[in-house]
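# Working through the structure, step by step
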Amino acid sequence: MIGNQGEEILGCEQSLSNNSSVKRVPAKSRKRFRYECGVCKKMFPSKSALETHMQTHTGEKPFQCPECDKAFGQDWHLKTHMRTHTGDKPYKCPVCGKLFASNSGLKKHSIVHLGEKPFECQVCGMGFVLECDLRSHAKTHNKERPHECSECGKSFKTSSDLVCHVRNHTGDKPFQCLTCGKGFTKLSVLEEHTRTHTGERPFLCYVCGKGFSQSSSLRFHSSIHTGEKPYKCSTCGKAFGLKSILERHKLIHTGEKSFLCDKCGRTFVLKSHLARHRKKHFRS
């Protein structure tokens, strides 16, 4: 069927043979982007690219991860995800040497070296380098914690946080150091640990040039220069430069003991206390 102004009408999301969702644009634009999505009007250079895009509207996720229950709409998303299981990080930052599983992750990281903080919290005015960091920070203002641990009743804001927490009860440590064999509940903690072997300090302070092996250590150090302590305890009013330190401090008030010794069953308020306790087992 030929529409007005010579536009050839193509099909929809199922077979691309009907005329309800997609159309070819005029001849001048046919060299590159020929197919238009009838839902969001985005243009694509091929019929297959459009079909792949339509999955964002239909919610279809045909590519299943063989290691976990996650599924993806595109095969390259699955390939990138698989690197979280294999540990493969082919993209390297030319400034600090940090490695990333995806090119998009490297691009986001590169902004860190510019020193700009374009994303500002509308509640407290705090600035962030990345939008994802702002979204994570915004959760500190939101008190809702819908994901509850069935073992101890502790609640979390995200399901991924709950999954990591449950490993404290089960003792599951799926991420293992290839150098010393030590296991960890989180991939990010394994990455931090690996730097104790390599001596890598990729996180640099823009004020004094000091390097750190962990981004959290850099944030804590930066507060020395700025004096900023945005995380305040609602019980006693004490303020901290890092959210993680505030969360650890709160345990003093709650008395919660979520760190379990897999040798004797004793529980501890702080992870550092558990680590110190475990050394007694090793010595004996």
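These numbers were taken from a predicted model, which means no experiment stands behind them.

When you go through the chain residue by residue, the secondary structure sums to 9 helices and 20 strands. Per-residue burial over the chain gives 30% buried out of 284 residues. Counting only contacts in the chain whose residues sit at least 6 apart along the sequence, the fraction spanning at least 24 positions is 10%. When the accessible area of the chain is evaluated, it comes to approximately 18,800 Å², of which 51% is carbon and sulfur surface.

Below, the discussion takes up the state of the cysteines. In protein chemistry, a disulfide is the covalent bond that joins the sulfur atoms of two cysteines. Evaluation of the coordinates by the stated rule reveals 0 disulfides. Not part of a disulfide, Cys37 finds its nearest cysteine sulfur in Cys40, a span of 3.8 Å. Owing to a relative accessible area of 0%, Cys37 belongs among the buried residues under this scheme. Considering cysteine sulfurs only, Cys121 is the nearest to Cys124, which forms no disulfide, with 3.7 Å between them.

The next thing to look at is the confidence of the model for the chain. Within the chain, residue pLDDT values average 77, and 88% of them lie at 70 or more. Across the chain, strand E14 (residues 183-184) holds the top mean pLDDT of 88, while strand E1 (residues 9-10) sits lowest at 40. Note that pLDDT drops below 50 for residues 1-23; the model gives that stretch 53 contacts with residues more than four away or on any other chain.

Bringing helix H5 (residues 159-170) into the picture now. Residues lying three or four places apart along an α-helix face the same way, a consequence of the helix completing one turn every 3.6 residues. Its 12 residues place the ends of H5 17 Å apart at the C-alpha level, agreeing with the 16 Å of an ideal helix rising 1.5 Å per residue. Those residues of H5 that fall on the buried side of the exposure criterion are Leu162, Cys164, His165 and Arg167. Each element contacted by the buried residues of H5 is listed here: strand E11 (147-148), strand E12 (155-156) and strand E13 (175-176). Residue Gly171 follows H5 closely and has a positive phi angle near 80°.

With that settled, consider helix H7 (residues 215-226). Taking 1.5 Å of rise per residue, 12 residues should cover 16 Å, and H7 covers 16 Å from first to last C-alpha, within 8% of that figure. Within the span of H7, buried status applies to Ser216, Leu218, His221 and Ser223. Along its buried surface, H7 packs onto strand E15 (203-204) and strand E16 (211-212). Note on H7: the residue one or two positions beyond its end, Gly227, has a positive phi of about 75°.

Moving on to the nonpolar core. Nonpolar side chains in soluble globular proteins tend to end up buried together. The biggest cluster of nonpolar side chains holds 10 residues, and these are Cys121, Met126, Phe128, Leu134, Tyr231, Cys233, Phe240, Leu242, Ile245 and Leu246. What Ile245 contacts, discounting residues up to four positions off in sequence, is Phe220 and Phe240. By size, the runner-up hydrophobic cluster in this structure holds 5 residues, among which are Tyr35, Cys37, Phe44 and Met54.

Among the secondary structure elements, Arg83 is positioned in helix H2 (residues 75-86). On a C-alpha basis, the gap between Arg83 and Phe100 in space is 9.5 Å, while along the polypeptide they are 17 residues apart.

Turning our eyes to something else, we now look at a positive patch on the surface. On the surface, a cluster of positive charge is contributed by Lys173, Lys182, Lys186, Lys257, Arg266, Lys271, Arg276, Lys279, Lys280 and Arg283. Mapped onto the elements, Arg283 comes out in helix H9 (residues 271-283).

Quick look at the pattern of salt bridges now. Evaluation of the coordinates by the stated rule reveals 4 salt bridges. Across the pair Asp88 and Arg83 runs a salt bridge, and its minimum N-O distance is 3.9 Å. A salt bridge links Glu191 to Lys89; its shortest N-O distance comes to 1.9 Å. Linking Glu191 in helix H6 (residues 187-198) with Lys89 in the loop between H2 and strand E7 (91-92), this pair joins segments that are 102 residues apart in sequence.

Let us look at unusual backbone geometry. Although it is not a glycine, Lys41 sits at a positive phi angle of roughly 70°. In this fold, Lys41 is placed in the loop between strand E3 (35-36) and strand E4 (43-44).

At 2.4 Å, the side chain of Arg83 and the backbone oxygen of Ala101 are in polar contact. If near-sequence neighbours (up to four positions away) are discounted, Arg83 is found in contact with Asp88, Pro90, Tyr91, Ala101 and Ser102.

The rules we used
- Residues numbered from 1 in each chain as written.
- Predicted model: local features only at pLDDT ≥ 70, side-chain atom pairs only at ≥ 80, totals over all residues.
- Heavy atoms only, no water.
- Helix = DSSP H or I, 4+ residues; strand = E, 2+ residues; numbered from the N terminus.
- Buried < 20%, exposed > 50% of the residue type's maximum accessible area, 1.4 Å probe, protein only.
- Contact = heavy atoms within 4.5 Å.
- Areas by Shrake-Rupley, 256 points an atom, 1.4 Å probe, with all protein chains shown as cover.
- Disulfide = S-S within 2.5 Å.
- pLDDT = per-residue confidence, 0-100.
- Expected span 1.5 Å × (residues − 1).
- Core = buried A, V, L, I, M, F, W, Y, C linked by side-chain atoms within 4.5 Å.
- Patch = residues over 30% accessible without salt bridge, like charges linked within 9 Å, V, L, I, M, F, W, Y side chains within 5 Å.
- Salt bridge = Lys/Arg side-chain N within 4 Å of Asp/Glu carboxyl O.
- Lys, Arg positive; Asp, Glu negative; His and termini not counted.
- Charge placed at Lys NZ, Arg CZ, Asp CG, Glu CD.
- Polar contact = N/O pair within 3.5 Å; in protein donor to acceptor, adjacent residues only side chain to side chain.

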